[in-house]
Every structure is written in structure tokens, then in C-alpha cells.
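# Chain and residue survey
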Amino acid sequence: MAEAGVVVSDKLSPDAQQFISKPKRCGSPTESSSSNCSTSSSITSQEIENFGGQRFPHLRLVDLLSTNKDEQGMEFNSVKGIPFQSKLFKGKAIFKLRPKSTSILSGPYVDYFERYQRFFSLQIQGKFLLSSEELKNKMIWIGAEIGHVSPERKHENKMSLGFMQKALCSLVLRAINIMRGDCIHYSFGDNGQLPHIMLPLYAAADTFIQTKTDTSQAGKKTELPTMGVRMFPQDEINLKHRRKYALKKPHNFQGGSDAAYSFSLHNGNLDLYSWKVSGIPGLQPMDLTSYWSDMPLRIVGYMTEGKDTSNAIFHTAEKKQYIFSFLLSNLEAELGSRKDAKRKDGSFMGKRSATMP
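The model shown is predicted, which means the values in this text are computed figures rather than measured ones.

Once that is clear, we can look at the sheet that holds strand 6 (residues 185-187). Strand order in the open sheet formed by six strands is 1-14-13-5-7-6, and the pairing between neighbours is antiparallel. Where the open sheet ends on each side, the last strands, each with one partner, are strand 1 (59-63) and strand 6. Adjacent strand axes in the sheet meet at a mean angle of 20 degrees when their direction is disregarded. One ladder, built from nine bridges, connects strand 5 (residues 138-146) with strand 13 (residues 297-305); its direction is antiparallel.

Now for empty space enclosed by the protein. Applying the stated rule across the entire model yields five cavities of 30 Å³ or more. Size it by volume and the second largest cavity reaches roughly 60 Å³. Lining the second largest cavity are 11 residues; nearest its centre among them are Asp 294, Met 295, Pro 296, Ser 329 and Asn 330. If you list the elements that add at least two residues to the lining of the second largest cavity, you get strand 14 (321-330) and helix 7 (331-343).

Its identity as a non-glycine residue notwithstanding, Trp 275 has a phi of 60 degrees, on the positive side. As for its placement among the helices and strands, Trp 275 is situated in the loop between strand 10 (270-271) and strand 11 (276-277). Look at Trp 275 and you get buried, because its relative accessible area is 2%. Unlike most non-glycine residues, Ser 293 shows phi in positive territory, near 55 degrees.

Most of strand 5 is tucked away: eight of the nine residues are buried. As paired elements, strand 5 and strand 7 (residues 196-200) share five bridges and run antiparallel to each other. Counted as the bridge partner of Trp 141 is Pro 200 from strand 7.

With that settled, the discussion passes to the side chain of Ser 278. Mapped onto the fold, Ser 278 is located in the loop between strand 11 and strand 12 (286-287). Its relative accessible area of 15% is what places Ser 278 among the buried residues. For Ser 278, the residues in contact, after removing those within four places along its chain, are Phe 119, Gly 268, Asn 269 and Pro 285.

Attention shifts here to the packing of aromatic side chains. Under the counting rule described, the total for this entry stands at 22 aromatic pairs. Through a chain of ring-to-ring contacts, the aromatic side chains of Phe 84, Phe 89, Phe 128, Tyr 202, Phe 208, Phe 253, Tyr 261, Phe 324 and Phe 326 assemble into a single cluster. One Lys or Arg, Lys 96, reaches over the ring of Tyr 112 and ends 4.9 Å from the middle of that ring. Over the aromatic face of Tyr 116 sits the side chain of Arg 118, whose NZ or CZ is 4.0 Å from the ring centroid.

This next bit is on the pattern of salt bridges. This structure, assessed with the given rule, holds five salt bridges. For Lys 138, the salt bridge goes to Glu 305, with nearest N and O atoms at 3.4 Å. Of this pair, Lys 138 sits in strand 5 while Glu 305 is found in strand 13, placing the two residues 167 residues apart along the sequence. What makes Lys 138 buried here is its relative accessible area of 12%. Judged by its relative accessible area of 58%, Glu 305 is exposed. Between Arg 153 and Glu 156 there is a salt bridge, and its shortest N-O distance comes to 2.8 Å. The same class applies to Arg 153 as to Glu 156, namely buried. Taken together, the shared-partner salt bridges connect Arg 153, Glu 156 and Asp 294 into one network.

Scoring rules and cut-offs
Residues numbered from 1 in each chain as written. Predicted model: local features only at pLDDT ≥ 70, side-chain atom pairs only at ≥ 80, totals over all residues. Heavy atoms only, no water. Pairing = 2+ DSSP bridges. Helix = DSSP H or I, 4+ residues; strand = E, 2+ residues; numbered from the N terminus. Axes fitted to C-alpha atoms, helices over the stretch in contact; angles between N-to-C directions. 1 Å grid on protein atoms, 1.4 Å probe; cavity = no way out; pocket = protein on both sides within 12 Å on 5 of 7 lines; lining within 4 Å. Points joined across faces, edges and corners; volume = space filled by probe spheres on them. Buried < 20%, exposed > 50% of the residue type's maximum accessible area, 1.4 Å probe, protein only. Contact = heavy atoms within 4.5 Å. Phe/Tyr/Trp six-rings, centres within 6.5 Å; stacked < 30°, edge-to-face > 60°. Lys NZ or Arg CZ within 6 Å of the ring centre and 35° of its normal. Salt bridge = Lys/Arg side-chain N within 4 Å of Asp/Glu carboxyl O.

What follows is the structure, encoded as C-alpha cells:
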């Protein structure tokens, strides 16, 4: 694992170079050291993060749509929402990530991850910057894309899978699609699309709360669900209803003057700290670099025209309008991919060929 304070090679791809800076300690704001952190770090008041969160030396989380990017990237496990804004949406986000050891977590998140067997959770609260009329006949999607950001590497944004790998991925996706009510849109990076797995937000969200903000009584204050370490209130009846009727009766989202939205997404199989997929019955843990090489992950929400969720409708760049886009890159995976490329003379067994910068 990369250590805090390590100097990153200038041979990293432009994706990493664009967002990298000197890594900070990886523990919680109140820890002076841990077995997974640099022992040379000492905690000062200046090191306590703005949002009460933490960063990990081998991971970078970046708001791609922000015009004012933090060199260090966004914090994980913050105690309050981190503001973000796009042309379509304004809100706050919390990205909750389980590390290998809960000993490097702050107290509240130790309790959270001991209570919930999840690898990560995304919590978002905010308003659309469009009118309700402009949101009519639109589908709002949430999920994940993979791919490089830098123009010189965008041609590599495709999963080059072997026959068995693609068959396994297709089998898993079809099974998930059946369980989710046949509403998953996915691609391995063909037909001009980024590799992705996307679902309609209304059906996919584990918690979804719409709060009316249009009040007729002067001075009446709208109360939104509390955002922080605790998750938004979860209504099992509401969840079952949304997943059963989401495609039969697509949700009509309301504009910012009419409603605010609080929603979250959890996952217990995608271990982003260790960059693996695990916990799937009958399958051994899978290293994501075997499928993605060194491509980073993007946690995204976007809007498309119409209500069709068929995979026959391609999600190409010109058809998507992003609500949010958070890029998560793993510096260890990138460095490991380049070492493999040198050792195997540019040839991967079961992986795509690496293009050296």
C-alpha cells in the first residue's frame, strides 16, 4: 500500500497527475497514528478537515463538475455534507467508505460500519436547478461509470474482457437486472458509451425522500431530513413500492422551487477501499483491476430524455446531462497496472494491454 508522504512518480497517467498532491495522513481527525498510517504524521489543528472527514493515501475522490477543485480531493466519512453544484443540481454529498480496519475511523463511523455491513454509502441532499416543466419526460439515473478523464486516454475507455470474463459479467448483470425489476442499463464500453451500470434513481435509491418546498404560508420553514453520519430514515414499504412500480409509473421529479430531494445508495459487495468485488455467493473475491485495468470509477447521476430504460437506447455523451459526477481513482491500481505492463512487456493475461504514457 502507498504510504502517506510518498512522492508519486511523474510517470503516472494524466488522470492521476491532474488530481494528485502530497498525501495527507489517513486516520480520523482525532488520531495521531495507526498501523495503516504514516508513523511520522502528527496531528495539529490545521490538519482537522473542514467537514470532519478523512482521506486515504491510495484513493482520491474528486468532484468532476466543480470549477474549484480541492487539490486533496473530497473527504470520505465526513460528519456533514460537502457542497457541490452542477448546471442541473445543487446540494451536499457524503461518501461513506469502509477501510480494511475500523481502527482508523472516527468514533461515529466505527459505530456506523459495525451496525451496517456495507462497503460504501452515498448520501445526497439538494434541489434541481431546473423548473418542474423542464424535468417533465426526463429519466434521472444513478450508478457508476468507468473511464479516464484526460483526452489522450479516452480512447482506452472500454473493457477488453476475455470470453470467460465477459460471460461471467453478463451473467451477474442479468441476475441483478432480474432482481431489480429489469431496469438496469449497462454497457462494457461499446456503441460510443462509457462502461457503466445505471439504474433509475427513483427505483435504485435505498432511501428516497421528496420534501415539498413550495409553501403557501408566509414564513413557513421547510424541514429537511438531517444529513450526517446517520442515514436518512428508511421506509421499507416505500422502497418496495418504488421498486415495484418505478417503471410502470415513472416518477415525475419537481424543480427546485417545488421540492428538495434526500436520497442514498448503499453497497455491500463493492469494496472500493481494497478495489475488489466480494461477498457474491459462489464467487471468489475479484480484483477490479482484472476488469478495469487502471481506469478510475465515476459515481454519477445524469438525466436523459424520455422514460425508456432499454439497453437498446445507448447512453452516449450527447444524450446525458450530468447532475453530479464524482471520480474515485486508486493510485495503487494505476501503479500496479504499470508495473505489470513493464514486467509482461505490455501484454496482459486476462487484462487489456496497457498503453504507457
